[in-house]
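# Observations on the model geometry
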Amino acid sequence: MKTLIIRTDKLGDFYLTLPYIRSLQRKYGKENIDIVISGDIYDHFKNKDYLFNKIFSFPQKNLINKILLIFKLRNFFYDQVIIFDGKDRSIILSYLLKCAKKIFVIEKRKLNFIFRLFLNKKNIFTVYDDRKENYSSLFSNLISSLNVKFAESDYKFLKYENLNHLETKCPSINNLTPYTLLHLDEKWFSNLYINKFADMTPSYGDFLLFIKKFISSKNQNLIITTGIKKISFIDGLKMKFFTKINENFYEFNHINFKAILLLNSSIKDLETLSMNSNNIITCNGPLTQIAQSFNINIIDILENDMEEWYDRHIYNKKKYHRLFRKKFNDVYKEILFNLR
């Protein structure tokens, strides 16, 4: 059955959907699965042809490019269009395409008069999102309505790649196993992320103490990756404790192990580093989804007041440890306790 899947939001949201795309792929065959994704993440996924037949980039702003996409998609007739994101733009796009059946995930709060007119058609099927149900359950209900069964193996939606596939040229990176991956992005700093969140900003001394205690107790290397946003704390780490190897690679030696600061990592590099790690330490995001796919031990640091929201996004809780934001010299002790 020729199927178009539309999911036009962020990277983590698309990772969250991939297990269910795998289920549909098993049922219909890869050659019958086309995907529309956000232009922001298109470049990362366009070469992952084991996931789809064709992939299309949805432009977030350019109206002319949106019209060109519509004409491109109208060259095909789809037996069904499945919308996982429930976005207005995705629903409107589906109404401009040639297809026999449409299946929407849609929030109940969006059921205004206009949408009721849209949805009151024989070829429209809906799965209602109450913004409380776990996405795993929600998406399982969607594919079940198509007589597609979800399998545990569908969680492993990425092909394994070893460290030789890293795009960033990292000296002797292959010699760093075993290692733990710590993703130190702006989410660790409430003033750079969401001000009302509990502040975890570490002092340089506390962070260095954490690195030393980690290496001493776990006998592993530590790889620290960063996000896109420039963070002055990371610049300070480089200057105070780390030795520069090249523009993107800094190292700190302790006993017989290393802490590596790896800058400007691509999404592909973060995937590869995640799937080869013993543990991942992160503040909930795309790396959490990747780690769950490969059954990696996860330390996920969350804001206490948003526990219900996070619950919706955690689909495979094996080897998953939930910590809550607090002062760094308290949270790092809990991190060390839950590592393997």
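First things first, this report covers the structure right here in the doc. (Residues numbered from 1 in each chain as written. Predicted model: local features only at pLDDT ≥ 70, side-chain atom pairs only at ≥ 80, totals over all residues. Heavy atoms only, no water.)

What follows deals with the overall build of the chain. Scanning the chain from N- to C-terminus turns up twelve helices and 14 strands. Over its C-alpha trace the chain gives a radius of gyration of 22 Å, about what one expects of a compact globule, namely 20 Å for 340 residues. The dimensions of the chain, computed from C-alpha atoms along their principal axes, are 65 × 40 × 40 Å. Going through the 340 residues of the chain one by one, you find that 55% of them count as buried. In the chain, the share of contacts with a sequence separation of at least 24, taken over all contacts with a separation of at least 6, comes to 61%. If you sum the accessible surface of the chain, you get close to 15700 Å²; carbon and sulfur atoms cover 50% of it. Charged side chains in the chain number 53 positive and 35 negative. The centres of these two groups are separated by 3 Å. (Helix = DSSP H or I, 4+ residues; strand = E, 2+ residues; numbered from the N terminus. Rg over C-alpha atoms; globule rule 2.2 N^0.38 Å. Buried < 20%, exposed > 50% of the residue type's maximum accessible area, 1.4 Å probe, protein only. Contact = heavy atoms within 4.5 Å. Areas by Shrake-Rupley, 256 points an atom, 1.4 Å probe, with all protein chains shown as cover. Lys, Arg positive; Asp, Glu negative; His and termini not counted. Charge placed at Lys NZ, Arg CZ, Asp CG, Glu CD.)

Moving on, we come to the packing of aromatic side chains. Enumeration according to the criterion identifies 24 aromatic pairs in this entry. With centroids separated by 6.3 Å and ring planes inclined at 55 degrees, the aromatic side chains of Y95 and F104 adopt a geometry described as tilted. In this pair, the class of Y95 matches that of F104, namely buried. By way of ring pairs, the aromatic residues W188, F189, Y204, F207, F210, F214, F233, F328 and Y332 are connected into one cluster. Over the face of the ring belonging to Y95 we find K102, whose NZ or CZ atom lies 5.0 Å from the ring centre. (Phe/Tyr/Trp six-rings, centres within 6.5 Å; stacked < 30°, edge-to-face > 60°. Lys NZ or Arg CZ within 6 Å of the ring centre and 35° of its normal.)

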